[in-house]
Amino acid sequence: MSDLPEIRIGTVEREHAMQRLSDHFAAGRLSVAEFDERSAVVAAALTRGDLDKVFTDLPEPARAAAVPAKRNSGFLDEWPERLMAVIPILAVILFFVTGSWLWFLAIPLAGALLFSDRHEHRHRGRRQRRRGRGEIED
């Protein structure tokens, strides 16, 4: 893990080690007793070498490239979700102003209009996969 095992560590390194240990525990590689013992060692660690001893029999963490990164979407990518959050509030306001309950029909209508292309895109991909396996013919 480190080239210089006698270099002193700080809180950030201990927290990172605890997170790695928690990940291994969540993956089922450690029992509760082992996790408790190793957590105590991490909390008391003073050097990199102390931390290295905790992870000697555990695999290295997966590379960040192996996990697909979520695209940093801006406001324009999320506008349907934001608009959909406002529609029920607007329907309630219009209900009290006009006294007509028909405004509540705008909620499912807006959902259908805003998100229908996503639904179609998902099913189009499914149809193409089936067609590739020879299951359906359109």
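The following paragraphs examine the structure supplied in this document. (Residues numbered from 1 in each chain as written. Predicted model: local features only at pLDDT ≥ 70, side-chain atom pairs only at ≥ 80, totals over all residues. Heavy atoms only, no water.)

**Brief notes about the overall build of the protein chain**
The number of helices and strands found in the protein chain is five helices and zero strands. Taken from the N to the C terminus, the helices and strands of the protein chain come in the order α-α-α-α-α. The proportion of buried residues among the 138 residues of the protein chain is 18%. Looking at the protein chain as shown, the accessible area adds up to about 10,600 Å², and 61% of this sits on carbon and sulfur atoms. (Helix = DSSP H or I, 4+ residues; strand = E, 2+ residues; numbered from the N terminus. Buried < 20%, exposed > 50% of the residue type's maximum accessible area, 1.4 Å probe, protein only. Areas by Shrake-Rupley, 256 points an atom, 1.4 Å probe, with all protein chains shown as cover.)

**Some words on the nonpolar core**
One recurring pattern in soluble globular proteins is that nonpolar side chains are buried together. Core analysis: the largest hydrophobic core is formed by eleven residues, namely I9, A17, L21, L30, F35, V42, A45, L51, V54, F55 and L58. Residue contacts for F55: discarding those within four places in its chain leaves A17, R20, L21 and H24. (Core = buried A, V, L, I, M, F, W, Y, C linked by side-chain atoms within 4.5 Å. Contact = heavy atoms within 4.5 Å.)

**Comments concerning helix α4 (residues 79-98)**
Compared with an ideal rise of 1.5 Å per residue, which puts 20 residues at 28 Å, α4 spans 27 Å between its outermost C-alpha atoms and is within 8% of the ideal. All of the buried residues along α4 are P80, M84, I87 and A91. Following α4 by one or two positions, G99 adopts a phi angle in the positive range, close to 80 degrees. (Expected span 1.5 Å × (residues − 1).)

**Quick look at the pattern of salt bridges**
Scanning all chains against the criterion turns up one salt bridge. When the shortest N-O distance is used, the salt bridge between D57 and R38 registers 2.9 Å. Highlighted residues: D57 in the loop between α3 (48-54) and α4 and R38 in helix α2 (residues 32-44), separated in sequence by 19 residues. Among the residues examined, R38 registers a relative accessible area of 14% and is labelled buried. (Salt bridge = Lys/Arg side-chain N within 4 Å of Asp/Glu carboxyl O.)

**Things to note about helix α1 (residues 11-26)**
For α1, which comprises 16 residues, the first-to-last C-alpha distance of 22 Å matches the rise-based estimate of 22 Å (1.5 Å per residue) to within 8%. Buried residues in α1 make contact with α2 and α3. Taken from the residues just after α1, G28 is the one with a positive phi, measuring 85 degrees.

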